[in-house]
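Below, each chain spelled out in residue letters.
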Amino acid sequence: MSLKIAKFLLIAILHHVAVEGRSREVIEPAGLPENFIIGGETPNIELQHVALIVSLQETPTAHGWLFTGTLITPMYVLTVAQTAHGFHRWRIGLGSNNRLLMNFHDANVATIHPNYNPTNLHNNLAILHLVQQVPYTPVQLPPENPGPSPVYLYYGFGTTNPNNNDALPNILQQAQTIELPVPECQRYFGNQLVTNASWCCAAAFNMGLCNGDQGGPLLHFHNHHLVGIASFWMTPCNSGFPNVFVRISHYVEWIRQVTGA
């Protein structure tokens, strides 16, 4: 099956920043190549709450784009606003680290954060409403002031090769990182892109987020609370610059209002 690579909107702030990227055009979930996070590894536990999302446009034959998300209740998946912006329906894989063993579920409604700004990606959040409840355990939202963690874990279904968007593995990928203070992160991106609602991970050459990881979860190492979701990075993906996540503790009240949880 022939697959096209979607183009990415890059914002130039010191370097090109991958922000509004629709990560990959696909025909259907089963049509992805056999062979996601740069420099990642396979998780040693089953993470049924990490979602592979294919965002689709209105027509039944329209192509889709690959994103990642997180199940936060049996009826709702949290992801970035790019997953929902301009799309009308979603196929969401859950229940397995292996996309070939996932069960796919439909979502026809999305709630984008009312203050989402597609230019600077402020408030880059969306919640997808599943048509039916799913039998998987959701991830826990963080408290208002989550405690520190020695390391954090992040996950995604994005490409593992920054030069080849066809390098999409079957198995969910994970990587470890530590937190980078916001002022330090602003040295790379400026204060228009990185704010106190951002969570930055320390730079690591040949490791980090890449196309398709947008919306993927960042978890506290000890209590596994959802600390952040992947938002943007500098290109190329393996450049060693920080990755930027949405800081979920800033948005718990809005998430609870939407989900009723």
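Attention in this report is confined to the structure presented alongside it. The structure displayed is predicted, hence computed values, not measured ones.

## With respect to helix α1 (residues 182-189)
Next, step 1: V182, C185 and F189 are the residues of α1 that are buried. Along the axis of α1, the buried residues cluster in a sector spanning 60 degrees; they form a single face. In this structure, α1 carries P183 and R187 as exposed residues pointing more than 90 degrees from its buried face.
Next, step 2: One or two steps after α1, the chain reaches G190, where phi turns positive at roughly 85 degrees.

## Brief notes about the side chain of H49
Next, step 1: Examined against the element boundaries, H49 turns out to sit in the loop between β3 (25-26) and β4 (50-56).
Next, step 2: Residue contacts for H49: discarding those within four places in its chain leaves G69, T70, L71, L94, T137, P138, V139 and L219.

## Some points on the nonpolar core
Next, step 1: With 31 residues, the main nonpolar core has I72, L78, L125, L226, I229, I248 and I255 as its most contacted residues.
Next, step 2: Those elements that provide at least two residues to this core are β4, β5 (64-73), β6 (76-79), β10 (152-156), β15 (226-234) and α2 (252-259).
Next, step 3: Setting aside residues up to four positions removed in sequence, L78 forms contacts with G69, T70, I72, L125, A126, I127, G215, L226, I229, I248 and I255.

## Thoughts on the state of the cysteines
Next, step 1: Using the criterion set out here, one finds 1 disulfide in the structure.
Next, step 2: Unpaired in terms of disulfides, C201 finds its nearest cysteine sulfur in C200, a separation of 7.6 Å.
Next, step 3: Taking the relative accessible area as the measure of exposure, C201 reaches 2% and is therefore buried.

Conventions we followed
- Residues numbered from 1 in each chain as written.
- Predicted model: local features only at pLDDT ≥ 70, side-chain atom pairs only at ≥ 80, totals over all residues.
- Heavy atoms only, no water.
- Buried < 20%, exposed > 50% of the residue type's maximum accessible area, 1.4 Å probe, protein only.
- Helix = DSSP H or I, 4+ residues; strand = E, 2+ residues; numbered from the N terminus.
- Arc of directions from axis to C-beta.
- Contact = heavy atoms within 4.5 Å.
- Core = buried A, V, L, I, M, F, W, Y, C linked by side-chain atoms within 4.5 Å.
- Disulfide = S-S within 2.5 Å.

These figures come from the coordinates and say nothing about function on their own.
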